[in-house]
Amino acid sequence: MFGKNEKSALYLLLLISALFILYACPLPCEPQRISVLPIPDSVSMLNPYKNGDTVNFQHSGGLVVPFVCQRDSSAEYAYSDWCSPGQEYRLDETLLIPDYPISSVFVQLTKYDEQNLLFSISVANSSTVLNALHELSFNLDSLKVNQKWFYCVMALNLSSSENPNYPNKLRFDSVYYTQQNGIVRLTMSNGEYYDLFEK
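Everything quoted here is computed from the prediction, not taken from an experiment.

Draft legend 1. Structural view of the pattern of salt bridges. Enumeration over the complete set of coordinates arrives at four salt bridges. Among the ionic pairs, aspartate 92 bridges to arginine 71, the shortest N-O distance being 2.6 Å. With aspartate 92 in strand β4 (residues 86-98) and arginine 71 in strand β3 (residues 64-78), the pair connects residues that are 21 residues apart, well separated along the chain. Among the ionic pairs, aspartate 195 bridges to arginine 185, the shortest N-O distance being 2.5 Å. Of this pair, aspartate 195 sits in strand β13 (residues 193-196) while arginine 185 sits in strand β12 (residues 182-188), and the two are ten residues apart along the sequence. The pair aspartate 195 / arginine 185 is uniform in exposure class, with both members buried.

Draft legend 2. A nonpolar patch on the surface, seen in detail. Together, Leu10, Tyr11, Leu13 and Leu14 make up an exposed nonpolar region whose accessible area comes to about 430 Å². Here tyrosine 11 lies in helix α1 (residues 4-24).

Draft legend 3. Expanded view of the packing of aromatic side chains. Within the structure shown, the criterion is met by four aromatic pairs. Pairing phenylalanine 57 with phenylalanine 67 gives two aromatic rings, centres 5.2 Å apart and planes at 85 degrees, and the pair type is edge-to-face. In this pair, phenylalanine 57 is assigned in strand β2 (residues 54-59) and phenylalanine 67 in strand β3, connecting sequence segments ten residues apart. Accessibility expressed as a relative area gives 1% for phenylalanine 57, which makes it buried. Judged by its relative accessible area of 3%, phenylalanine 67 is buried. Positioned above the aromatic ring of tyrosine 193, the side-chain terminus of arginine 185 is 4.8 Å from the ring centre.

Draft legend 4. Structural context of the side chain of serine 44. Considering the arrangement of structural elements, one finds serine 44 in helix α2 (residues 41-44). With sequence-adjacent residues up to four places away left out, serine 44 is seen in contact with Ile39, Arg71, Asp92 and Leu109.

Draft legend 5. How the structure looks around the environment of phenylalanine 150. As for its placement among the helices and strands, phenylalanine 150 is situated in strand β9 (residues 148-157). For phenylalanine 150, a relative accessible area of 3% translates into the label buried. Each C-alpha atom, one on phenylalanine 150 and one on tyrosine 176, is 10.0 Å from the other, the two residues being 26 residues apart in sequence. In this structure, phenylalanine 150 is in contact with Asp141, Ser142, Leu143, Val145, Thr178, Asn181, Val184, Leu196 and Glu198, ignoring residues within four places of it in sequence.

Draft legend 6. Representation of the pairing of strand β8 (residues 140-145) in the model. Where β8 and β9 come together, five bridges link them in antiparallel fashion. Bridge assignment links aspartate 141 to a residue of β9, and that residue is valine 153. Taking the residues that link successive antiparallel strands as the turn, the β8-β9 hairpin has two residues, and the phi of asparagine 146 there is positive, at about 50 degrees.

Rules used in this analysis
Residues numbered from 1 in each chain as written. Predicted model: local features only at pLDDT ≥ 70, side-chain atom pairs only at ≥ 80, totals over all residues. Heavy atoms only, no water. Salt bridge = Lys/Arg side-chain N within 4 Å of Asp/Glu carboxyl O. Helix = DSSP H or I, 4+ residues; strand = E, 2+ residues; numbered from the N terminus. Buried < 20%, exposed > 50% of the residue type's maximum accessible area, 1.4 Å probe, protein only. Patch = residues over 30% accessible without salt bridge, like charges linked within 9 Å, V, L, I, M, F, W, Y side chains within 5 Å. Areas by Shrake-Rupley, 256 points an atom, 1.4 Å probe, with all protein chains shown as cover. Phe/Tyr/Trp six-rings, centres within 6.5 Å; stacked < 30°, edge-to-face > 60°. Lys NZ or Arg CZ within 6 Å of the ring centre and 35° of its normal. Contact = heavy atoms within 4.5 Å. Pairing = 2+ DSSP bridges.

Structure (structure tokens):
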């Protein structure tokens, strides 16, 4: 059926295929995980929101909007490839969901290792990210909101991912935040704002 030359060519093709499989495709390995300790309570307290709570914000025009808090903590893993160790990181995430057609607010703590613990706030296409271990003691001031004084307020600028097709789109540009109360004011690019409303 096959001649001598055809058999030799077939054997050579099988040998090359076997060598390709052995060297091009690494043997499967069990991925390793590098663990990170949980986010310490002293840092978790930067986020005062509790799962199921309702927080009210009053628009500068007078409308009071309730936001429901959804908070969750988890451990996630990032792998660069199958055989390299996976890096664990910890998340403490809070989503403030409004009972009105405006953007939700996302507050997150992320711990990559003992030196990299990030605190971030996102609203629509605007966000800020700070190192929770080093940067959260800056810009502390007092702020009067709805006839109540708040102290140790952090004034944080929100950067936005601008869409060049809509350069004048309304966006959130600043957030005022305290460790005890969370967000006390959100300001918008058109001068409107949302203030914490405590009954």
